Amino acid sequence: MNNNISDTNSIQQTGRREFIQKASLFAMALSSTNMNNLFKDSKMGIVVHSYGFRWNSKIESKNYPGFMNALDLLEHCAQIGSGGIQVVVKDWTSELAKKLKDRKEKLGMFIEGSIGVPNGANDVARFERELKTAKDAGVLILRTVCSSGRRYEVYHSAEEFKTAKQKALTNLQLAEPILKKHKMKLAIENHKDWRATEHVKMIKQLQSEWIGVTLDFGNSIALLEDPMEIVNTLAPYAFSTHLKDMGLEEYADGFLLSEVPLGQGILNLPEMMAVVKKHNPDIKFSLEMITRDPLEIPCLKETYWSTFEDVPATDLARSLRMVKQHKFKTELPRISKLGSEAKLDIEEKNILECLAYSKTNLGLN
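Below you will find a few notes about this structure. Just so we're clear, the structure is a prediction, and the values are computed from it rather than from any experiment.

Cut-off values and rules
Residues numbered from 1 in each chain as written. Predicted model: local features only at pLDDT ≥ 70, side-chain atom pairs only at ≥ 80, totals over all residues. Heavy atoms only, no water. Pairing = 2+ DSSP bridges. Helix = DSSP H or I, 4+ residues; strand = E, 2+ residues; numbered from the N terminus. Buried < 20%, exposed > 50% of the residue type's maximum accessible area, 1.4 Å probe, protein only. Right-handed = clockwise from strand over helix to strand, strands pointing away. Salt bridge = Lys/Arg side-chain N within 4 Å of Asp/Glu carboxyl O. Contact = heavy atoms within 4.5 Å. Axes fitted to C-alpha atoms, helices over the stretch in contact; angles between N-to-C directions. Core = buried A, V, L, I, M, F, W, Y, C linked by side-chain atoms within 4.5 Å.

## Here's the deal with the sheet that holds strand E3 (residues 110–114)
Then, in step 1: One open sheet holds the eight strands; their spatial order is E7-E6-E5-E4-E3-E2-E1-E10, and the pairing between them is parallel. For this open sheet the edge positions go to strand E7 (238–242) and strand E10 (286–287), each flanked by a neighbour on one side alone.
Then, in step 2: Pairing analysis gives four bridges linking strand E6 (residues 211–216) to E7, with the strands arranged parallel. Its bridge partner being in E7, Asp 216 is matched across the sheet by His 242.

Okay, here's the thing in structure tokens:
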């Protein structure tokens, strides 16, 4: 670990105390807020990654047939009472785009897209083609990521990560004129890659009204960031969301992190949602309930720290304390050893449970 990790000066301490005081006051104010009024015109959408087993599935199943395209996903999500979808736009035909627009309008649903940014100048034409097709389908917001994987797994030195950040910035600069031309918004997810300050710095460097954030409520725990601080930092730039709840468990090299059904984890979802809604009243809340084995966050291994230069020791201490104090009530779910039908069954039950919770507890009608 870098020596800076052990430095926490008085200014940082004062800032944290002020943040905690403000957060406490906000929570008190929120407790008197009627959630049903706050989100009365909203329904929760579903992110395609919630259907990791069923999306483009080759599994033969009568109960859970695979979704072969975005229209299949849209129709199913309408049947179970969702308000919309966030889905990959790659390889859409003009015919599919027209059908999606017609159906979403008849169903009163929304569609957000997920797209890859241009990978260099030679890829700009592909990006514009996919963007235009998405717009033809009635999509106005596109979610993206700017790294090839989780920071602590993919990158192995500060220099390597610095190069990746510069490449991401360059690719976003290639995308920006296309976004401006077609009046489409691109939202960069906090995808276990950039810490919040790095994320905001990149947004500010781009200086574009068309580029913002897909605010994932739980990912940044993997980078030892406080979930509420993440929301307060990124909400002013948020165009879209990944709504989720997170469970924690100890393991020898750090902690385990897992999406769990809404209301079962550690996140203060009403407070987080209210902050996001305050900054963007029109934002959609889209569920990303990924059914999988817990992820290992090896923050006690030296290799974890190879790309970090200035993470204070207090962030590590707070994260480990949070794991101890808020350990999941049972062992975190493991599903990798189950059969295909059982995995599909659990995936669907998790999503339905989240939808029910969003209506009864979060006011997403």
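## Observations concerning unusual backbone geometry
Then, in step 1: Phi angles above zero are rare outside glycine, and Lys 183 is one such case at about 55°.
Then, in step 2: Within the secondary structure, Lys 183 is located in the loop between helix H7 (158–182) and strand E5 (185–189).

## Points about the pairing of E6
Then, in step 1: Burial analysis of E6 places six of its six residues in the buried class, the great majority of the element.
Then, in step 2: Inspection of the sheet shows E5 paired to E6 by four bridges, in the parallel sense. Considered in E6, the bridge of Glu 189 is made with Thr 214.
Then, in step 3: Following the chain from E6 across helix H9 (residues 227–234) to the adjacent parallel E7, one finds a crossover that is right-handed.

## Examining the pattern of salt bridges
Think of it this way: side chains of opposite charge can pair up when their charged atoms draw near.
Then, in step 1: Throughout the structure, instances matching the rule amount to 21 salt bridges.
Then, in step 2: The closest approach of N and O atoms between Arg 54 and Glu 348, which form a salt bridge, is 3.2 Å. Placement of the pair is Arg 54 in the loop between strand E1 (45–47) and helix H3 (70–79) and Glu 348 in helix H12 (residues 340–360), with a sequence separation of 294 residues.
Then, in step 3: Taking relative accessible area as the criterion, Arg 54 reaches 5% and is therefore assigned buried.

## Section: the side chain of Lys 244
Then, in step 1: By secondary structure assignment, the location of Lys 244 is in the loop between E7 and strand E8 (245–251).
Then, in step 2: Excluding residues that lie within four positions of it along the chain, Lys 244 makes contacts with Asp 216, Phe 217, Gly 218, Asn 219, Glu 259, Leu 262, Leu 267, Leu 269 and Glu 288.

## Overview of the sheet that holds strand E11 (residues 295–297)
Then, in step 1: With antiparallel pairing, the three strands of this open sheet are ordered in space as E8-E9-E11. For this open sheet the edge positions go to E8 and E11, each flanked by a neighbour on one side alone. Averaged over all neighbouring strand pairs, the angle between strand axes comes to 30°, with direction disregarded.
Then, in step 2: Sheet topology note: the strand E9 (residues 254–260)/E11 ladder contains three bridges and is antiparallel. Paired with Leu 257 across the bridge in E11 is Leu 295.
Then, in step 3: Set on the sheet, helix H11 (residues 313–325) makes contact with E8 and E9; between it and E8 the angle comes to about 95°.

## Details of the nonpolar core
Note on soluble globular proteins: their nonpolar side chains tend to be buried together.
Then, in step 1: Core analysis: the largest hydrophobic core is formed by 95 residues, its most contacted members being Trp 92, Leu 215, Phe 217 and Leu 243.
Then, in step 2: When residues in this core are grouped by element, the largest group, eight residues, is from H7.
Then, in step 3: By size, the runner-up hydrophobic cluster in this structure holds five residues, among which are Tyr 251, Leu 256, Phe 328 and Leu 332.

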